Each structure stands twice: as structure tokens, then as C-alpha cells.
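# Summary of structural features
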Amino acid sequence: QVQLVESGGGLVQAGGSLRLSCVASGRSFSRSGMSWFRQAPGKEREFVGGVSWGDDTSMYADSVKGRFTISRDNAKNTVYLQMNSVKPEDTAVYYCSAATSGYNGGLPGGYDYWGQGTQVTVSS
């Protein structure tokens, strides 16, 4: 059974940092694109960033560029989201996703697997 399990969410003050982790099990994702999305109450799920499987190239939404960093450890089947200089508008449930096609872009339909999400709340 394939599972993606996120962890690391919580309450953080504006300007602080948080690191989310996503551990995959059930199969190897070393050749999969891996991404993070988030969804705030009353809003659609939005792309945060993604990392490729080949050269670990990453891309980010403009709203987080320069503040968030995605990385992956294929040996651990884990992808990370380092969140720095967080803002109240970063408050959302954060989801990890995996695409066996290698896709790591912003379309949710491009992903085969999703985690259950982890809540991030940024206080002002």
C-alpha cells in the first residue's frame, strides 16, 4: 500500500521557520516528481513547489520563492519543505504529492499520490 505521510506542521510566529517532511512508503519514488501543495480555508488547493527526480531541479510559486526550499532524500524516500520567514498568509494545510510520470509542476491532476496533509498556522 502506497502512503505519503507528512509531519512537522504546527504553530509558528510570523518571521519564524518550520520544516515539513513527507515520508513515502510502499514503493520507491526516486524517479517520481515530488511536490508540495497547500490549501487554506475557503480557498482552492495551490501549488507551493516541486522537485524533479533527475537533477533535483526545483520550482516554486511566486508567493514562496526565496523563502521556501524543497529538497529530497531518495535513500530515505523523503521530501522536505523548509519554510523560512513565514507569513500569516502561509497558514494552510500542506500536502505532499508524488507523480510517477516525473511531473513536478503546478497541476494537481498530474499527481498520482497524495498525503493526508499537515496543518501549518502562522500567528502575527
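Residues numbered from 1 in each chain as written. Predicted model: local features only at pLDDT ≥ 70, side-chain atom pairs only at ≥ 80, totals over all residues. Heavy atoms only, no water.

### Details of the pairing of strand β8 (residues 78-83)
Consecutive side chains along a regular strand alternate between the two faces of the sheet. Stated formally: Three exposure classes are used, based on accessible area relative to the maximum for each residue type with a 1.4 Å probe and protein chains only: buried under 20%, partly exposed in between, and exposed over 50%. Put simply, DSSP marks the helices as runs of H or I at least four residues long and the strands as runs of E at least two long, and each gets a number from the N terminus on. Two strands make a pair as long as DSSP finds a minimum of two bridges between them.
Extensive coverage of β8 is indicated by the burial of 5 of its 6 residues. In this sheet, β8 lies alongside strand β3 (residues 18-25) in antiparallel orientation, the contact comprising 6 bridges. Each bridged residue has a counterpart across the sheet, and for Ser21 the counterpart in β8 is Tyr80. With 6 bridges connecting them, strand β7 (residues 68-73) and β8 associate as antiparallel partners. Counterpart to Thr69 in the pairing with β8 is Gln82. Where β7 hands over to β8, the hairpin turn is made up of 4 residues, of which Asn77 adopts a positive phi near 55°.

### Some thoughts on the pattern of salt bridges
Keep this limit in mind: Salt bridges, as used here, are contacts in which a Lys or Arg side-chain nitrogen is within 4 Å of a carboxyl oxygen on Asp or Glu.
Applying the stated criterion across every chain, the model contains 4 salt bridges. Note that Glu46 and Arg38 form a salt bridge whose closest N and O atoms lie 2.6 Å from each other. For Glu46, a relative accessible area of 34% gives the class partly exposed. We classify Arg38 as buried; its relative accessible area is 5%. The network of salt bridges with shared partners includes Arg38, Glu46, Arg67 and Asp90.

### Some remarks on the sheet that holds strand β1 (residues 3-7)
Note the following rule: Geometry is summarised by axes, namely lines fitted to C-alpha atoms with helices restricted to the contacting stretch, and by angles between N-to-C directions that run from 0 to 180 degrees.
Spatial ordering of the open sheet is given by β1-β3-β8-β7, a layout of 4 strands whose pairing is antiparallel. At either margin of the open sheet sits one strand with a lone partner, and together these are β1 and β7. Strand after strand, the sheet turns through a mean of 15° between neighbouring axes, direction not considered.

### Details of the state of the cysteines
Going by this rule: Here, a disulfide means two cysteine sulfur atoms that sit within 2.5 Å of each other.
Scanning the entire structure with this criterion turns up 1 disulfide. In this model Cys22 forms its disulfide with Cys96; the gap between the sulfur atoms is 2.1 Å. Looking along the S-S bond of the Cys22-Cys96 disulfide, the torsion reads about -75°, which is the left-handed sense. With Cys22 in strand β3 and Cys96 in strand β9 (residues 92-99), this pair connects stretches of sequence that are 74 residues apart. Grouping residues by exposure puts Cys22 and Cys96 together as buried.

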